[in-house]
Amino acid sequence: MAQTQASEGHGPPIKLYLVTWAWLFILSTGSYLVDYLHLQGNLRWSLILLFMLLKAGLIIAVFMHMAWEHLALVYAILVPPVVVLVFVGIMVSESDYTLLTRQMSFVMNR
């Protein structure tokens, strides 16, 4: 029978780290190509954010050993940044509304 890694007392196999390094290299190359190909606008920023999140996810999962942690610890580390991003999104939408109302007020007061 196969034993779990925790009962053996050993870490993940070296192959996992090598594959992770290869994926990080591939994702970094993709990130570099975004600039090299002079992509602009929403496509540029979407790709940059996608590559950034994928690389961060790999680093957190493998090198910080989050893939082998209990679900409660994963939630304790990953949920707060997600909540902060939701609040940032709310603030951005509110800032657009505030800017619009200020511009309308300035135009009406002329």
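Position labels on residues start from 1 in each chain and follow its written sequence. Local features in a predicted model are, by the rule used here, given only for residues with pLDDT of at least 70; side-chain atom pairs are given and counted only at 80 or more, and totals for whole chains, interfaces and linings are based on all residues. Hydrogens and water molecules were not included; the side-chain quantities draw on all heavy atoms of the structure.

Draft legend 1. The confidence of the model for the protein, seen in detail. Residue-level pLDDT values for the protein average 86, and 92% of them are 70 or greater. By definition, pLDDT measures how confident the predictor is in each residue, and it falls between 0 and 100. In this text, helices come from DSSP runs of H or I with a minimum length of four residues, and strands from runs of E with a minimum of two, each type numbered from the N-terminal end. Taken element by element, the predicted model of the protein shows its lowest mean pLDDT in helix α1 (residues 5–8) (52) and its highest in helix α2 (residues 14–36) (95).

Draft legend 2. The arrangement of the packing of aromatic side chains in detail. Between 30 and 60 degrees the pair is tilted, below 30 it is stacked and above 60 it is edge-to-face, where a pair is any two Phe, Tyr or Trp rings, Trp via its six-membered ring, whose centres lie within 6.5 Å. Throughout the structure, instances matching the rule amount to three aromatic pairs. Relative to F63, the ring of Y17 has its centre 5.7 Å away and its plane inclined at 25°; by these criteria the two rings are stacked. Separated by 46 residues along the polypeptide, Y17 in helix α2 and F63 in helix α3 (residues 41–63) bring together distant segments of the chain. The rule is simple: take the accessible area with a 1.4 Å probe, protein chains only, and divide by the maximum for that residue type; under 20% is buried, over 50% is exposed, in between is partly exposed. Owing to a relative accessible area of 18%, Y17 belongs among the buried residues under this scheme. The exposure class assigned to F63 is partly exposed, which follows from its relative accessible area of 29%. Aromatic pair Y32 and Y36: ring centres 6.0 Å apart, planes at 25°, arrangement stacked.

Draft legend 3. Main features of α3. The terminal C-alpha atoms of α3 lie 33 Å apart, and with 23 residues this matches the ideal 33 Å at 1.5 Å per residue to within 8%. Within the sequence span of α3, burial applies to R44, F51 and V62. Tucked into the core, α3 has its buried residues touching α2. Immediately downstream of α3, the backbone of H65 shows phi near 60°, a positive value. Multiplying 1.5 Å by the residue count of a helix minus one yields the expected span of that helix. Two residues qualify as a contact provided that any one of their heavy atoms is within 4.5 Å of a heavy atom in the partner residue.

Draft legend 4. Up close: the pattern of salt bridges. The rule for a salt bridge is simple: a side-chain nitrogen of Lys or Arg has to be within 4 Å of a carboxyl oxygen of Asp or Glu. Scanning the model with the defined rule gives one salt bridge in all. Notably, a salt bridge pairs D35 with R44, separated by 2.9 Å at the nearest N-O pair.

Draft legend 5. Local environment of the layout of surface pockets. Method remark: on a 1 Å grid restricted to protein atoms, a set of points is classed as a cavity if a 1.4 Å probe fits but cannot get out and as a pocket if it is open with protein on both sides within 12 Å along at least five of seven lines; lining residues have an atom within 4 Å of a point. Grid points are joined across faces, edges and corners, and a volume is the space filled by probe spheres set on the points. Volume-wise, the largest pocket comes out at about 220 Å³. Forming the boundary of the largest pocket are L53, A56, G57, I60, I77, L78, P81, V82 and L85. Put simply, the parts of the chain that give the lining of the largest pocket at least two residues each are α3 and α4 (71–108). Here the lining of the largest pocket takes five residues from α4, the largest share from any one element.

Draft legend 6. Representation of the side chain of T20 in the model. Relative to the helices and strands, T20 is located in helix α2. Accessibility expressed as a relative area gives 3% for T20, which makes it buried. Among all residues touching T20, those that are not within four sequence positions of it are L58, V62 and F63.

Draft legend 7. Main features of a nonpolar patch on the surface. A contiguous nonpolar patch, built from L71, Y75, V79, V82, V83, V84, V86, F87, V88, I90, M91 and V92 and spanning about 1100 Å² of accessible area, is present on the exposed surface. Relative to the elements of secondary structure, F87 occurs in helix α4. Patch criteria: residues need more than 30% relative accessible area and no salt bridge. Like-charged residues are merged within 9 Å; nonpolar side chains of Val, Leu, Ile, Met, Phe, Trp and Tyr are merged within 5 Å. For the area figures, the Shrake-Rupley method with a 1.4 Å probe applies, and any residue is considered shielded solely by the protein chains shown.

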